[in-house]
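Listed below, chain by chain, are the residues.
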Amino acid sequence: MDYAARRARLAAQMQPGAVAVLPTAPEVLRNGDSDYPYRHDSAFYYLTGFTEPDSVLVLVAATDDKPARSILFCREKNVEREIWDGYRHGPEAARTTFGVDDAYPIAELDTHMARLLANAPALYYALASNAALDAQVMGWLKAVRAQARTGTTAPGTFVNLLPLLDEMRLIKDADEQALMLRAGEISGRAHERAMRAARPGMAEYELEAELLYVFRKNGAQFPAYTPIVASGPNACILHYNVNDRTMRDGDLVLIDAGCELDGYASDITRTFPVNGRFTDAQRTLYELVLAAQDAALEAIAPGRPYSAFHEAALRVLVQGMLDLGLVDKSKYASVDDAIADKAHVPFYMHGTGHWLGMDVHDVGAYRDVTQAEKPSRPLAEGMVVTVEPGIYVRPADGVPERFWHIGIRIEDDVVVTNDGYRLLSAAAPKTVAEIEAIVGTAHD
Ligand code: GLY
Ligand code: MN
Ligand code: MN
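Residues numbered from 1 in each chain as written. Chains lettered and ligands numbered in written order. Predicted model: local features only at pLDDT ≥ 70, side-chain atom pairs only at ≥ 80, totals over all residues. Heavy atoms only, no water.

**Side note on the sheet that holds strand 11 (residues 252-257)**
Consideration 1: The strand order across the open sheet built from three strands is 10-11-14, with neighbouring strands paired in antiparallel fashion. In the strand order of this sheet, the two ends are held by strand 10 (228-231) and strand 14 (268-273), each with one partner. Sheet twist, expressed as the average angle between the axes of neighbouring strands with direction ignored, equals 10°.
Consideration 2: By the bridge criterion, six bridges tie strand 11 to strand 14 in an arrangement that is antiparallel. What sits directly across from L254, in strand 14, is T271.
Consideration 3: Contacts from helix 8 (residues 174-197) reach strand 11 and strand 14 within the one sheet, and its direction differs from that of strand 14 by about 15°.
Consideration 4: Contacts between helix 9 (residues 204-217) and the sheet are confined to strand 10, strand 11 and strand 14, with strand 10 contributing the most and set at about 150° to the helix. (Pairing = 2+ DSSP bridges. Helix = DSSP H or I, 4+ residues; strand = E, 2+ residues; numbered from the N terminus. Axes fitted to C-alpha atoms, helices over the stretch in contact; angles between N-to-C directions. Contact = heavy atoms within 4.5 Å.)

See below:
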């Protein structure tokens, strides 16, 4: 990854001489003296590749007579802390390893910032994201304003840094796409392993263990989000992740799980019968969701609006709901009528995708807010989206009983190419035939 080029691109969008300040994420205490596993801030990592906590990146944009500069504030070397907690680069090694122009101890941040902000025309900073740093920023500004009698000026313009970075992160370069493809391959193979391991009588968490094994075995640092292993009626709970039910013969199990590899997420859902054979009702709904996903994928190409793939999936799903009696056909003259009346919402209550990148629900605007009607923005080469239609049938009057408690979602990750899309999650088996051929085969 060319972090220096990213810093240069950001600096080039700033006012001449302006200063940007971007902290990484704080460590979070779990209890006692145990922290949650540390995860850097995505935007900070995007510009630095640096994964240590207690770090702040400062950029100073170029002026007519000075080039742009990047400055990293980080933890100092500390023999005792390194014995307990592990290696720290320290400013000197961080400067050479990460290619910043200067690096200083984080303890010197206040001193340097009062100097760097003196006479800077603008400050680019994500106010209200980090209360402790917000307070420090106010201290720096007060310190600069206190020098007014000497002719020193304080920044007069304050700009939210994040939208600039969000737009940069939305378009994935070739290195990022290669990494996301690898993350998708690992996650796809994890789903395949879980399918092979499944059989009635197992607990959902045993399948979770199979997924986590493949993630870690292949070098992924974390799950990108808490895995959902939802069998039987649990599949109709969208954010179920207790994963402690014993799976029964005849159940479907919905697994939504993806690894995070070197800071990039994957996000894959597969749904399959625990005993390896779909019932007629399960297969009927599965094929419907698969057809909806195919229609959505067809709508993915540069220039097509972001909303088009959701609309394509929705039309297929709603036609199926009408045909199968989930939605009362006598009430609606057309699919469009049913959609306008939100007749599908009891069975399909989420969108068909989201941006995917360093964050599982990645950054970037979905609409063009510069136009009055705020239309859905066009897809462009290098954007990565999930495509995840589903159907969830809870028991209710008028809903055919054979579909009760069936919850199905099929989720893939795709990158928009110059003429369509490339699937990043192809390693996860998906068709009825592929699934029936492998579920339970670990026990053969
Ligand atoms: N796993 C989160 C999502 O599918 O959006
Ligand atoms: Mn998703
Ligand atoms: Mn998902």
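**Observations concerning the packing of helix 5 (residues 109-117) against helix 6 (residues 131-145)**
Axis angle and axis distance: for two packed helices, these are the angle between their axes and the distance between the axes, and together they describe the pair.
Consideration 1: At their nearest, the axes of helix 5 and helix 6 sit 9 Å apart, and the two run at 50° to each other. Here helix 5 lies oblique to helix 6, going by the angle between them. For the crossing formed where helix 5 meets helix 6, the hand is right-handed. Each of L109, D110, M113, A114 and L117 in helix 5 lies in contact with helix 6, whose residues at this interface are L133, Q136, W140, L141, A143 and V144.
Consideration 2: Of the residues that constitute the contact of helix 5 with helix 6, the class distribution is nine nonpolar, one polar and one charged. (Parallel < 35°, antiparallel > 145°, perpendicular 65-115°, else oblique. Left-handed = near helix turned anticlockwise from the far one by under 90°. Nonpolar A, V, L, I, M, F, W, Y, C, P; charged D, E, K, R; others polar.)

**Side note on the sheet that holds strand 15 (residues 384-387)**
Hydrogen bonding along the main chain pairs the strands of a sheet, whether they run parallel or antiparallel.
Consideration 1: In space, the three strands of this open sheet follow the order 15-18-19, with antiparallel pairing throughout. Two strands lie at the open edges of the sheet, namely strand 15 and strand 19 (421-423), each paired on one side alone. Across the sheet, the mean angle separating the axes of adjacent strands is 35° when strand polarity is ignored.
Consideration 2: Contacting strand 15, strand 18 (412-416) and strand 19, helix 10 (residues 280-298) crosses the sheet at an angle of about 155° to strand 15.

**Concerning the packing of aromatic side chains**
Consideration 1: All chains considered together, the criterion is met by eight aromatic pairs.
Consideration 2: Aromatic side chains Y3 and Y45 sit 6.1 Å apart centroid to centroid with 65° between the ring planes, which places their arrangement in the edge-to-face category. In this pair, Y3 is assigned in helix 1 (residues 3-12) and Y45 in helix 2 (residues 42-48), connecting sequence segments 42 residues apart.
Consideration 3: Residue Y3 is classed as buried on the basis of its relative accessible area of 18%.
Consideration 4: For the ring pair Y306 and Y366, a centre distance of 4.9 Å and an interplane angle of 70° mean the geometry is edge-to-face. Of this pair, Y306 sits in the loop between helix 10 and helix 11 (307-323) while Y366 is found in the loop between helix 12 (335-340) and strand 15, placing the two residues 60 residues apart along the sequence.
Consideration 5: The rings of Y306, F309, W355 and Y366 are connected pair by pair, giving a single aromatic cluster.
Consideration 6: Directly above the ring of Y46 sits R6, whose terminal nitrogen or CZ lies 4.1 Å from the centroid. (Phe/Tyr/Trp six-rings, centres within 6.5 Å; stacked < 30°, edge-to-face > 60°. Buried < 20%, exposed > 50% of the residue type's maximum accessible area, 1.4 Å probe, protein only. Lys NZ or Arg CZ within 6 Å of the ring centre and 35° of its normal.)

**Some remarks on unusual backbone geometry**
Consideration 1: One non-glycine residue, D262, lies in positive phi territory at about 50°.
Consideration 2: By relative accessible area, D262 is classed as partly exposed at 34%.
Consideration 3: In this model, H405 sits at a positive phi of 70°, which is unusual for a non-glycine residue.

**Some words on helix 6**
Given 3.6 residues to a turn, an α-helix orients residues that are three or four positions apart in the same direction.
Consideration 1: Taking 1.5 Å per residue, 15 residues should reach 21 Å; helix 6 reaches 21 Å between its end C-alpha atoms and fits that length.
Consideration 2: Within the span of helix 6, buried status applies to L133, D134, V137, W140, L141 and V144. Angular distribution of buried residues about the axis of helix 6 spans 115°; they occupy a single face of the element. Seen from the buried face of helix 6, the exposed residues on the opposite side, beyond 90 degrees, are A131, A132, M138 and K142.
Consideration 3: On its buried face, helix 6 sits against strand 1 (19-23), helix 5, strand 7 (122-125) and strand 8 (157-159). (Expected span 1.5 Å × (residues − 1). Arc of directions from axis to C-beta.)

**Regarding the coordination of the manganese ion (ligand 3)**
Any two of four tetrahedral donors ideally make an angle of 109.5 degrees at the metal, while pairs among six octahedral donors ideally make 90 or 180 degrees.
Consideration 1: At 2.0 to 2.4 Å from the manganese ion (ligand 3) lie its protein donor atoms, namely D256 (OD), D256 (OD), D267 (OD) and E411 (OE).
Consideration 2: One can describe the donor arrangement at the manganese ion (ligand 3) as irregular, given that its six donor atoms subtend angles of 57 to 169° at the metal.
Consideration 3: Mapped onto the sequence, the donors of the manganese ion (ligand 3) take the spacing D-x10-D-x143-E.
Consideration 4: A separation of 3.3 Å is found between the manganese ion (ligand 3) and the manganese ion (ligand 2), both of which receive a donor from D267. Placement of the pair is D256 in strand 11 and E411 in the loop between strand 17 (407-409) and strand 18, with a sequence separation of 155 residues. (Donors = N, O, S within 2.8 Å, 3.2 Å for Na, K, Ca; no water. Tetrahedral: all angles 85-135°; square planar, octahedral: opposite > 155°, others 65-115°.)

**So, the coordination of the manganese ion (ligand 2)**
Consideration 1: Every protein donor of the manganese ion (ligand 2) is listed here as D267 (OD), H354 (NE2), E388 (OE) and E411 (OE), and their distances to the metal cover 2.0 to 2.2 Å.
Consideration 2: Seen from the manganese ion (ligand 2), its six donor atoms lie at angles of 50 to 154°, and the figure they make is irregular.
Consideration 3: For the manganese ion (ligand 2), all donor residues lie on one chain, and their spacing in sequence is D-x86-H-x33-E-x22-E.

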